[in-house]
Amino acid sequence: MNAFQLIAMSRSLDLSGLFEEEDAAERKTRFTSVYPAKDIVHKIEETVRAMGFQVQRKNSRLNLLHIDPKSKGDRHLSVAAEVFEVNPCLHVVELRKSAGDIAQYRQLCIKLSSDLSLQKDDNMWREKGGITLPCPCPCP
Amino acid sequence: MVQCLEEIGHVLDHLLPCLGIKSFMQPRRLRNPEKVANETVFSVSEVEALYELFKRISSTVIDDGLINKEEFQLALFKTNKKESLFADRVFDLFDTKHKNALGFEEFARALSVFHPNAPIDEKIDFSFELYDLKQQGFIERQEVKSMVVATLAESGMNLSDDVIENIIDKTFEEADTKHDGKIDKEEWKTLALRHPQLLKNMSLPYLRDITTSFPSFVFYSQVEDA
């Protein structure tokens, strides 16, 4: 990943705050994950489907939509998830709420970040839920 | 009917000062939105909508028709307590008259660069000046590191110094074609054209829908858009 790509993700450089009610910090969440990108995407899809979301994959982005049959169109929770590679062992997952209830969005973020952002342990192999992760590079 | 209201508006604007009633508030509508529309990518009705946003932001702390740094921060971050490397730099770039306060024209001209349809060269120039923290005409490695560290700190992401140095090394390897340890305007332009995602934060899709987000009421609109 290019340093400027990372910098461009900064909330302070996101002028959309001028048009939004909520603080960017509330609408966008970022965390790191040591899982390979494919596993991250798979895990997100699996988790959100179990929570009742519909998933649409678009290039390196996942569009997550949770339709609440009881509420009107504009209350549906719509979230975009994107995975960026820092290096082969480290990825950044960014979640962005584009519409819907902030509390529901926060719940989703907590679930996904607790599932995906693991602490590195001493040996180079990590296991969670049956996925074994070899580390192909000398990870920090 | 519409014309009638406009004329009443004109009359009041002239009458109130004569009655000794000074308006401490900014004008309810722009005198000359066409001028701003001509200098930016916005249409006249978009300029009027932008003015509604401007009025709202510029009156949050002091109702003086200008956006000061505190009001700018409040609008962006919903808090005036946030110290930010970038917020200062963004404000400075908007503040072309260097008055520490933004008038509507400066506000509109700067936001014009962020319109999805604005020329990419404008976005490239603006972002270069943004990242050139010390305004030396080039982006130094140390400036890049400060910005990366600041970005990581705000979301609580922990990357080791080695990983950070590695990311910056790779970036300079690609960007610094003259191998002088700095990224100049030309090198930045080449990099940005090759990786358009670098300019992602230079476009605000909200600006496309601004007339629906900030309706300025019909009877203030002076011109019918074709």
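These figures come from a predicted structure and were not determined experimentally.

Colleague: If you had to explain the packing of helix α5 (residues 85-94) of chain B against helix α7 (residues 120-131) of chain B to someone new, which residues and values would you point to?
Modeller: Residue and element names in this part refer to chain B. Packing of α5 against α7 brings their axes to within 9 Å, and their N-to-C directions diverge by 130°. One element, α5, and the other, α7, form an angle in the oblique class. For the pair α5 and α7, the sense of crossing is right-handed. Two secondary-structure elements touch here, α5 through R89, V90, L93 and F94 and α7 through F126, E129 and L130. Its residues assigned to classes, the contact of α5 with α7 comprises 5 nonpolar, no polar and 2 charged.

Colleague: Tell me about the nonpolar core, and name the residues and values.
Modeller: Looking at soluble globular proteins, one finds that nonpolar side chains tend to be buried together. Counting 77 residues, the largest nonpolar core has F4 of chain A together with L50, F94, F104, F107, Y131 and W188 of chain B as its most contacted members. With 8 residues, helix α3 (residues 44-58) of chain B is the largest single contributor of residues to this core. The residues that make up this core include at least three from each of domain 1 (33-83 + 90-114) and domain 2 (120-199) of chain B. Those residues within four positions of F94 of chain B in sequence are excluded, and the remaining contacts are L15 of chain A together with F72, L102, E106, F107, A110, L111, F114 and F126 of chain B. Counting residues in hydrophobic clusters, the runner-up holds 22 residues, among them L77, V93, I102 and Y105 of chain A.

Colleague: Give a description of the pattern of salt bridges that names residues and reports values.
Modeller: Following the criterion strictly, the structure yields 24 salt bridges over all chains and no others. For the salt bridge of E94 of chain A with R96 of chain A, the shortest nitrogen-to-oxygen distance reads 2.6 Å. Like R96 of chain A, E94 of chain A is buried. Note that K189 of chain B and D121 of chain B form a salt bridge whose closest N and O atoms lie 3.2 Å from each other. Residue K189 of chain B is found in helix α10 (residues 185-194), and its partner D121 of chain B is found in helix α7; the two are separated by 68 residues along the sequence. Note on K189 of chain B: relative accessible area 35%, which makes it partly exposed. The class for D121 of chain B is partly exposed, based on a relative accessible area of 39%.

Analysis parameters
- Position numbers for residues count from 1 along each chain, tracking the sequence in the order it is written.
- Here the convention is simple: chains get letters from A, ligands get numbers from 1, in the order in which they are written.
- Reporting in this predicted model follows two pLDDT cut-offs: at least 70 for local features of residues, and 80 or more for side-chain atom pairs to be given and counted; totals over whole chains, interfaces and linings ignore these cut-offs and use all residues.
- Hydrogens and waters are ignored; side-chain quantities use all the structure's heavy atoms.
- Every axis corresponds to a line fitted to the C-alpha atoms, with the helix fit spanning only the stretch in contact, and the corresponding angles, defined between N-to-C directions, vary from 0 to 180 degrees.
- In DSSP terms, a helix is any run of H or I states spanning at least four residues, a strand is any run of E spanning at least two, and both are numbered starting from the N terminus.
- Note on terminology: angles under 35 degrees are roughly parallel, angles over 145 are roughly antiparallel, angles of 65 to 115 are roughly perpendicular, and the others are oblique.
- Left-handed describes a crossing whose near helix is turned anticlockwise from the far helix by less than a right angle; the clockwise case is right-handed.
- Whether two residues are in contact is decided by their heavy atoms: any pair within 4.5 Å suffices.
- Lys, Arg, Asp and Glu make up the charged group, whereas Ala, Val, Leu, Ile, Met, Phe, Trp, Tyr, Cys and Pro make up the nonpolar group; the residues left over, Gly among them, are polar.
- In these notes, a set of buried Ala, Val, Leu, Ile, Met, Phe, Trp, Tyr and Cys residues joined through side-chain atoms within 4.5 Å is what counts as a nonpolar core.
- Using a 1.4 Å probe on the protein chains alone, a residue whose accessible area is under 20% of its type maximum counts as buried, one over 50% counts as exposed, and one in between counts as partly exposed.
- Source of the domain bounds: an automatic or database domain assignment.
- Basic side-chain nitrogens of Lys or Arg form a salt bridge, by our definition, when they fall within 4 Å of a carboxyl oxygen of Asp or Glu.

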